Amino acid sequence: MTGAAMTGAAMTGAAMTGAAMTGAAMNKLGVGVIGANRWAEAAHLPAFAAHPRVQLVAICDVLPERARALQTRFGAAKVYFDHRELLADPAIQAVDVCTPTQTHLALSLDAIAAGKHVLCEKPLHTQAGPAFAAAAAADSRGVRTKLGFTFRYSPAIREIKRWISEGVLGDIFHIHGFEQNSQFLDPDFPLRQLAPDVPRDRLVPASIIGYGSHLLDLMRWLGGEFHSVAATMRNFVPERQVLGMSGRQKIQVEDATVALVEFDSGAQGLVQSSYIAVGNYPGVEIRVYGSKGAAIARLITEGGIAETLKHASAEAVEFKEVVLDTAHFPPGTSLATPWPELYYRNLIRHFVDEILEDGAAECTFHDGAKSQQIVDAIIAAHAERRWVRLPEGDA
Ligand SMILES: NC(=O)c1ccc[n+]([C@@H]2O[C@H](COP(=O)([O-])OP(=O)(O)OC[C@H]3O[C@@H](n4cnc5c(N)ncnc54)[C@H](O)[C@@H]3O)[C@@H](O)[C@H]2O)c1
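The sections below set out a description of the structure shown in this document.

Here is what the cut-offs are and how they apply
Each chain carries its own residue numbering, running from 1 in the written order of its sequence. Per-residue local features are limited, in this predicted model, to residues with pLDDT of at least 70; the limit for side-chain atom pairs, both in listing and counting, is 80 or more; totals at the level of whole chains, interfaces and linings are taken over all residues. Based on all heavy atoms of the structure, the side-chain values leave hydrogens and waters out of the count. Nearness of a residue to a molecule or strand requires only that one of the residue's heavy atoms be within 4 Å of it. Counted as a polar contact is a pair of N or O atoms within 3.5 Å, where, for protein atoms, one must be capable of donating a hydrogen and the other of accepting one, and residues adjacent in sequence contribute only when both atoms are in side chains. Only the protein chains shown count as covering a residue, and every accessible area follows the Shrake-Rupley method with a 1.4 Å probe. Basically, the charged four are Asp, Glu, Lys and Arg, the nonpolar ten are Ala, Val, Leu, Ile, Met, Phe, Trp, Tyr, Cys and Pro, and anything else, Gly included, counts as polar. Strand pairing follows a simple DSSP-based rule, namely that at least 2 bridges must link the two strands. Helix and strand labels come from DSSP, where a helix needs a run of H or I of at least four residues and a strand needs a run of E of at least two; each type is numbered from the N terminus. Throughout, a residue-residue contact means that at least one pair of heavy atoms, one from each residue, lies within 4.5 Å. Structural elements are reduced to axes, namely lines fitted to C-alpha atoms, with helices fitted over the stretch in contact, and the angle between N-to-C directions of any two is expressed from 0 to 180 degrees. Planes of paired rings set the category: under 30 degrees apart is stacked, over 60 is edge-to-face and the rest tilted, where pairs are Phe, Tyr or Trp rings (Trp by its six-membered ring) whose centres lie within 6.5 Å. Burial here depends on accessible area, computed with a 1.4 Å probe over protein chains only, as a share of the maximum for the residue type. Under 20% is buried, over 50% is exposed, and the range in between is partly exposed. Criterion for a charge above a ring: Arg CZ or Lys NZ at most 6 Å from the ring centre, at most 35 degrees from the ring normal. Starting at the helix axis, one direction is taken to each C-beta atom, and the arc is that of these directions.

### Comments concerning the site of the ligand
Moving on, step 1. With respect to spatial proximity, 21 residues lie near the ligand, and among them Asn37, Arg38, Asp61, Arg66 and Thr150 are the closest.
Moving on, step 2. Within the side chain of His104, a nitrogen or oxygen atom sits 2.9 Å from an oxygen atom of the ligand.
Moving on, step 3. Protein contacts shield 87% of the accessible area of the ligand, which totals 860 Å² for the unbound molecule.
Moving on, step 4. Class assignment for the residues of the shell around the ligand results in six nonpolar, nine polar and six charged.

Following this line, the structure appears as C-alpha cells:
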C-alpha cells in the first residue's frame, strides 16, 4: 500500500475492519471507483477529487489502460483490474459503481457483502424485485447506499422540493416531467447499455430505463407515490449502431415513451422520455402546478448556463426567473459549471456528508427500486394497452 493511501483517517479506516463506519469514526472517507470511462471521468471523479474529505484510494477497470489513465488524471493512490481486489482493500470505506447497466446489481451486492457503503449508477437493476432485495441487503449489513439520480442534485430541483415542502406552491395538482434530447437521433452514433443477448423480436425498453428511471424518481420525490400509469412506447430508428456490435443492428429499441400518471395524492402527471427529440443535454424539464403557485425548471444547457428556474403565483401569473440559493451549490460551482460536474459534485457532497456526519439518507437503493417499479408498470401498461396500478409496498 502506498503512503498516500495510508495517511490521515484512511489509516483509521484501514485499522478498523468491516468498513461500515459512520460519523465521528472517520474524518475522511476512503473511496474506490469501479468503472473508468466516460461518465466516471466527466462526473464522478471530478466530484470525488473536489471533496476535501475524500481520499481517492483506488480506481478499478477491467481494461488496465483506462484505470491507469484516470489514476494519473485524478491522483488515485492505486489501480485494480478486478473489483474483488478493490473490495478487499481496507483503506476503502465507500465504493462507487460506474460500469455498464447490466453489471450494477452484482457489483453493488459484492460491495455490500464486503461491508462498503455504495454509490451506484442508475438503474440498479432492470427489474424492481432484485433492486428491493439489494436495498434490504444494505440495510441488514448496515451500509449506506445512494443511487446516481443526477437530477435530484440540480439546484433548481432542490429549490422546487423546498417550495413544495414549505407549502409555497400549495396543494399540488400537476407534475409534468420530460427527459428528451437528440443523443441517439443519428443511427450511426452507437447506443450503449444493451446486453449482447438483447432480444431481436420485440420492443426493447431503453429510453424509459436510461432516461425514465431518474425522471420518474424526480417526479416521485416531488409528488409522492404513484398510484397508476398508462403509457405508449415506440421504436423510431429501426436500425442503429450498438456499442460492441459491428454494423447497424435491427433492434426495436424503445426510443421514446409517453405516460400518464395518477399519484396517490390525486395529482396528475405527464412523463416523456426520448432519445430522439431534437434539443440539447440533458434535456430535463419539470413543471409543477399547485393551488398557490407553479414552478418550471429547465435543466437544458443554453448559452453556457446549466439550468433555469421560473416561478409564478396565483396572484402574479407571469412566470419570472428565480435567482437560485447559493446553499444549493457545492463550493466553487455555479450555473456556468458543466452540468455533469455541477450535479455530481452536489450528489457526492451529499453522499459523503451523509456517511461522515451520520445524516439522513436520501436517494437510496430503495428509491432506485421504487423508480424501477414505476418503469416496470409503464412497460406493462404499454404492452397490455391498459392502466396499471402500482404495487402497494415493496414488490
Ligand atoms: N446519471 C447520469 O446522468 C448518467 C449519465 C451517463 C451515464 N450514466 C451511467 O453511468 C454508467 C457508466 O457510463 P459510461 O458511459 O462511462 O459507460 P462505459 O461503458 O463507457 O464505461 C464503463 C467502464 O466500466 C468498465 N467495466 C465494465 N465492467 C467492469 C467490471 N466488472 N469491473 C470493472 N470495470 C468494469 C468498462 O471497461 C468501462 O471502462 C452507465 O451505467 C451509464 O448508464 C449515468
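Past the structure itself, the notes keep going.
### Some words on the sheet that holds strand β11 (residues 282–290)
Moving on, step 1. Taken in spatial order, the nine strands line up as β14-β13-β12-β11-β7-β10-β9-β8-β15 in an open sheet, and their pairing is mixed. Edge positions in the open sheet fall to β14 (320–321) and β15 (388–389), since each of these has one partner strand only.
Moving on, step 2. The sheet contact formed by strand β8 (residues 226–234) and β15 spans two bridges and is antiparallel. In the sheet register, Ser228 faces β15, and the bridge partner there is Arg389.
Moving on, step 3. On top of the sheet, helix α9 (residues 212–223) reaches β7 (172–180), β8, β9 (256–263), β10 (268–274) and β11; it is set at about 160° to β7, its chief contact.
Moving on, step 4. Each of β8, β9 and β15 is contacted by helix α11 (residues 365–384), which is oriented at about 55° to β8, the strand it contacts most.

### What about the environment of His350?
Moving on, step 1. With respect to the secondary-structure elements, His350 resides in helix α10 (residues 339–356).
Moving on, step 2. Counting along the chain gives 286 residues from His350 to Pro64, while the straight-line C-alpha distance between them is 30 Å.

### Details of unusual backbone geometry
Moving on, step 1. Following Lys122, the chain continues to Pro123 via a peptide bond in cis, the omega torsion being -15°.
Moving on, step 2. Note on placement: Pro123 falls in the loop between β5 (117–120) and α6 (128–141).
Moving on, step 3. Tyr281 connects to Pro282 through a cis peptide bond whose omega is -20°.
Moving on, step 4. The topology assignment puts Pro282 in strand β11.
Moving on, step 5. Its identity as a non-glycine residue notwithstanding, Gln193 has a phi of 70°, on the positive side.
Moving on, step 6. Structurally, Gln193 is set in the loop between β7 and α8 (207–210).
Moving on, step 7. Phi at Cys363 takes a positive value of approximately 65°, unusual for a residue other than glycine.
Moving on, step 8. On the secondary structure map, Cys363 appears in the loop between α10 and α11.

### Considerations on the packing of aromatic side chains
Moving on, step 1. The tally for this structure, following the rule as stated, stands at nine aromatic pairs.
Moving on, step 2. When the centroid spacing of 5.8 Å and the interplanar angle of 45° are considered together, the rings of Trp39 and Trp339 count as tilted. Residue Trp39 is found in helix α2 (residues 38–50), and its partner Trp339 is found in helix α10; the two are separated by 300 residues along the sequence.
Moving on, step 3. Accessibility expressed as a relative area gives 25% for Trp39, which makes it partly exposed.
Moving on, step 4. What links up through ring pairs into an aromatic cluster is the set Trp39, Phe151, Trp339, Tyr343 and Tyr344.
Moving on, step 5. Geometry around Phe236 places Arg234 over its ring, the cationic atom sitting 4.2 Å from the centre.

### Quick notes on the side chain of Thr101
Moving on, step 1. Structurally, Thr101 is set in the loop between β4 (94–97) and α5 (104–113).
Moving on, step 2. A residue is classified by how much of its surface remains accessible, and Thr101, at 13% relative accessible area, is buried.
Moving on, step 3. Sequence-distant contacts of Thr101, defined by excluding residues within four places in its chain, comprise Pro123, Thr126 and Gln193.

### Comments concerning the sheet that holds strand β3 (residues 78–80)
Within a sheet, neighbouring strands are paired by backbone hydrogen bonds and run either parallel or antiparallel to one another.
Moving on, step 1. Taken in spatial order, the six strands line up as β3-β2-β1-β4-β5-β6 in an open sheet, and their pairing is parallel. The open sheet has two free edges, formed respectively by β3 and β6 (145–147), since each of these has just one partner strand. Averaged over all pairs of adjacent strands, the angle between their axes in this sheet comes to 20°, without regard to strand direction.
Moving on, step 2. Pairing geometry for β5 and β6, over three bridges, is parallel. The partner of Val118 across the bridge, within β6, is Thr145.
Moving on, step 3. In the packing of α5 onto the sheet, contacts are made with β1 (29–34), β4 and β5, and the angle to β5 comes to roughly 165°.
Moving on, step 4. Lying over the sheet, α10 contacts β1, β2 (54–60), β4, β5 and β6, oriented at roughly 165° with respect to β5.

### With respect to helix α3 (residues 64–74)
Moving on, step 1. By the burial criterion, the buried members of α3 are Ala67, Leu70, Gln71 and Phe74. Across the axial projection of α3, the buried residues extend over an arc of 110°, all falling on one side. For α3, the exposed residues set more than 90 degrees away from the buried face come down to Glu65, Thr72 and Arg73.
Moving on, step 2. Residues of α3 that are buried sit in contact with α2, β2 and β3.
Moving on, step 3. Gly75, located one to two residues past α3, shows a positive phi value of around 70°.

### Description of the pairing of β9
Moving on, step 1. For β8 and β9, the ladder comprises eight bridges, and the chain directions are antiparallel. Paired with Phe226 across the two strands is Phe263, which belongs to β9.
Moving on, step 2. Note: β9 against β10, seven bridges, orientation antiparallel. Of the residues in β10, the one forming a bridge with Val258 is Gln272.

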